[in-house]
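Chain by chain, the residues run as shown.
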Amino acid sequence: MLEIKCPYCGNRSQNEFAYGGDATVKRPELNTEVSDQDWDNFVYYRKNPRGNHLELWHHISGCRQWFKVLRNTATHDIIQTMEMKENP
Amino acid sequence: MSKISPLSNSHELGIHGNCKNKDQAKLLAIREITNIKIYQLSKFKKSNFDINNFSLDSYKLPTESGLSTGNENLRIQWQAPNVWMILSHNNNIIQEIERQCEDDDFAITDLSHSRAILEVKGKDALNIIKKGSPLNLNNFRKNNCANSVYHGITVSIDMVNDDPITFNIMALRSFAGSFHHAITDASLEFGFNAI
Ligand SMILES: [Zn+2]
């Protein structure tokens with residue numbers, strides 16, 4: 001079981017959180033020509049790295065805020081958590 | 001018109017569980033809190049309203065995470081950044097809230113009939129929460145509150161008193177039955193008085 005530090009509530013059990021996917025994926029710009037390949041990459045393709053990974057998490061049973069987590073997928077170490085506007 | 005509280009069918013009054021040879025006056029007491037007004041106050045991002053200018057019965061909105069304030073009739077809980085929950089036994093509290101809150105600054109949502117609330121009072125109250133919630137209660141004091149889970153049910157936990165230890169635990173009304181079962185099941189080993 002992980003202990004995750006919510007930037008707003010502090011250290012809480014993983015039970016209170018929901019995983020929200022890869023935080024590095026960027027949606028294609030609005031009102032621009034987007035190729036099928038770009039949509040494909042945005043919707044389906046993920047890097048799935050072994051090592052440090054920037055993720056979105058949702059404190060669903062807490063303050064209900066979204067935030068970013070820098071986590072090592074091999075060791076499960078949480079290196080850093082930050083608000084959505086921040087970067088590691 | 002009769003009002004049906006969320007736990008009116010579950011909360012059976014009387015002594016339950018392991019209370020042989022125990023002083024009934026010192027037993028854990030569990031009570032459903034009924035007839036309470038609940039409002040969620042959410043300040044808009046674009047608003048410049050200074051929340052220090054808002055108060056109810058001279059209690060201000062807590063600005064720090066995990067804090068609550070109030071008395072027996074009024075609780076104001078920090079829920080998230082710029083979101084508070086106001087619980088009051090005063091039926092006219094909404095008028096006082098609306099008097100101080102402009103429509104451009106706050107979204108006010110009436111949640112009065114959508115929550116089931118149990119008050120757990122007594123020296124074993126802390127153990128009841130520990131049995132079902134992963135929340136770290138080592139530094140939990142009076143006027144601390146937190147949203148967490150209790151046996152998988154999302155709850156708001158508010159410590160309203162420390163002598164005797166008293167917690168208000170609030171869950172969605174639709175979970176009232178399982179929520180009540182989870183709390184009372186955890187209380188059976190200590191014995192409790194449902195009041
Ligand atoms: Zn949180």
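What you are looking at is a predicted structure, and each value in this text was computed from that prediction instead of being measured. (Residues numbered from 1 in each chain as written. Chains lettered and ligands numbered in written order. Predicted model: local features only at pLDDT ≥ 70, side-chain atom pairs only at ≥ 80, totals over all residues. Heavy atoms only, no water.)

(A) Structural context of the coordination of the zinc ion. All names here are of chain A. Around the zinc ion, the protein supplies Cys6 (SG), Cys9 (SG), His59 (ND1) and Cys63 (SG) as donor atoms, at distances of 2.0 to 2.4 Å. Here the zinc ion binds four donor atoms, and the angle range of 102 to 116 degrees at the metal identifies the geometry as tetrahedral. Counting along the primary sequence, the residues that act as donors to the zinc ion give the motif C-x2-C-x49-H-x3-C. Here cysteine 6 is found in strand S1 (residues 3–6), whereas its partner histidine 59 is found in the loop between strand S4 (52–58) and strand S5 (66–72), with 53 residues between them in sequence. Taken individually, cysteine 6 and histidine 59 each receive the classification buried, so the pair is uniform in this respect. (Donors = N, O, S within 2.8 Å, 3.2 Å for Na, K, Ca; no water. Tetrahedral: all angles 85-135°; square planar, octahedral: opposite > 155°, others 65-115°. Helix = DSSP H or I, 4+ residues; strand = E, 2+ residues; numbered from the N terminus. Buried < 20%, exposed > 50% of the residue type's maximum accessible area, 1.4 Å probe, protein only.)

(B) Examining the sheet that holds strand S9 (residues 106–110) of chain B more closely. Residue and element names in this part refer to chain B. Read from one edge to the other, the open sheet built from five strands follows the order S6-S7-S8-S3-S9, with strand pairing classed as antiparallel. Pairing within the sheet leaves two strands with one partner each, and these edge strands are strand S6 (68–70) and S9. The mean angle between the axes of side-by-side strands here comes to 20 degrees, regardless of whether they run parallel or antiparallel. Of the pairings in the sheet, the one linking S6 to strand S7 (residues 74–80) comprises three bridges and is antiparallel in character. From the neighbouring strand, serine 68 faces S7, where its bridge partner is glutamine 77. Helix H1 (residues 93–100) contacts strand S3 (37–43), S7, strand S8 (83–88) and S9 of the sheet and is inclined by roughly 15 degrees relative to S3. (Pairing = 2+ DSSP bridges. Axes fitted to C-alpha atoms, helices over the stretch in contact; angles between N-to-C directions. Contact = heavy atoms within 4.5 Å.)

(C) Spotlight on a negative patch on the surface. A surface patch of like charges, here negative, comprises Glu98(B), Glu102(B), Asp103(B) and Asp104(B). Tracing the sequence through the fold places Asp104(B) in the loop between H1 and S9. (Patch = residues over 30% accessible without salt bridge, like charges linked within 9 Å, V, L, I, M, F, W, Y side chains within 5 Å. Areas by Shrake-Rupley, 256 points an atom, 1.4 Å probe, with all protein chains shown as cover. Salt bridge = Lys/Arg side-chain N within 4 Å of Asp/Glu carboxyl O. Lys, Arg positive; Asp, Glu negative; His and termini not counted. Charge placed at Lys NZ, Arg CZ, Asp CG, Glu CD.)

(D) Expanded view of a nonpolar patch on the surface. Residues and elements named next belong to chain A. Together, Trp39, Val43, Tyr44 and Tyr45 give the surface a local cluster of nonpolar side chains, amounting to about 460 Å² of exposed area. Structurally, the position occupied by tryptophan 39 is in helix H1 (residues 36–43). When its relative accessible area of 32% is taken as the criterion, tryptophan 39 is described as partly exposed.

(E) Here's a closer look at the interface of chain A and chain B. Taken together, the contacts link ten residues of chain A with twelve residues of chain B. Surface buried jointly by chain A and chain B totals about 910 Å² across both partners, of which 52% is contributed by carbon and sulfur atoms. For the chain A face of the interface with chain B, the top three residues by lost area are Tyr8(A), Arg12(A) and Ser61(A), together amounting to 41%. At the boundary of chain A and chain B, one finds zero salt bridges. Our count for the contact surface shared by chain A and chain B stands at six residue pairs in polar contact (both at pLDDT 80 or more). Considering only residue class, the side of chain A that touches chain B consists of three nonpolar, five polar and two charged. (Buried area = accessible area lost by both parts, 1.4 Å probe. Polar contact = N/O pair within 3.5 Å; in protein donor to acceptor, adjacent residues only side chain to side chain. Nonpolar A, V, L, I, M, F, W, Y, C, P; charged D, E, K, R; others polar.)

(F) Inspection of the pairing of strand S6 (residues 78–83) of chain A at higher detail. All names here are of chain A. Across five bridges, S5 lies against S6 in antiparallel orientation. Directly across from phenylalanine 67, in S6, lies its bridge partner glutamate 83. In textbook terms, the turn of a hairpin is the stretch between consecutive antiparallel strands, and for S5 and S6 this stretch comprises five residues, one of which, histidine 76, has a positive phi near 65 degrees.

(G) Representation of the sheet that holds strand S12 (residues 153–162) of chain B. Residue and element names in this part refer to chain B. Spatial strand order, S1-S14-S2-S10-S13-S12-S11: seven strands in an open sheet with mixed pairing. The open sheet is flanked by strand S1 (14–16) and strand S11 (145–150), the only strands paired with a single partner. In this sheet, neighbouring strand axes are inclined to one another by 25 degrees on average, regardless of whether the strands run parallel or antiparallel. Note: strand S10 (residues 115–121) against strand S13 (residues 165–172), seven bridges, orientation antiparallel. In the sheet register, lysine 121 faces S13, and the bridge partner there is threonine 166. On the sheet, helix H2 (residues 125–132) packs against strand S2 (28–32), S10, S11, S12 and S13 and is oriented at approximately 35 degrees with respect to S13. Helix H3 (residues 176–187) rests against S2, S10, S11, S12, S13 and strand S14 (192–194) of the sheet, and its axis sits at about 10 degrees to S10.

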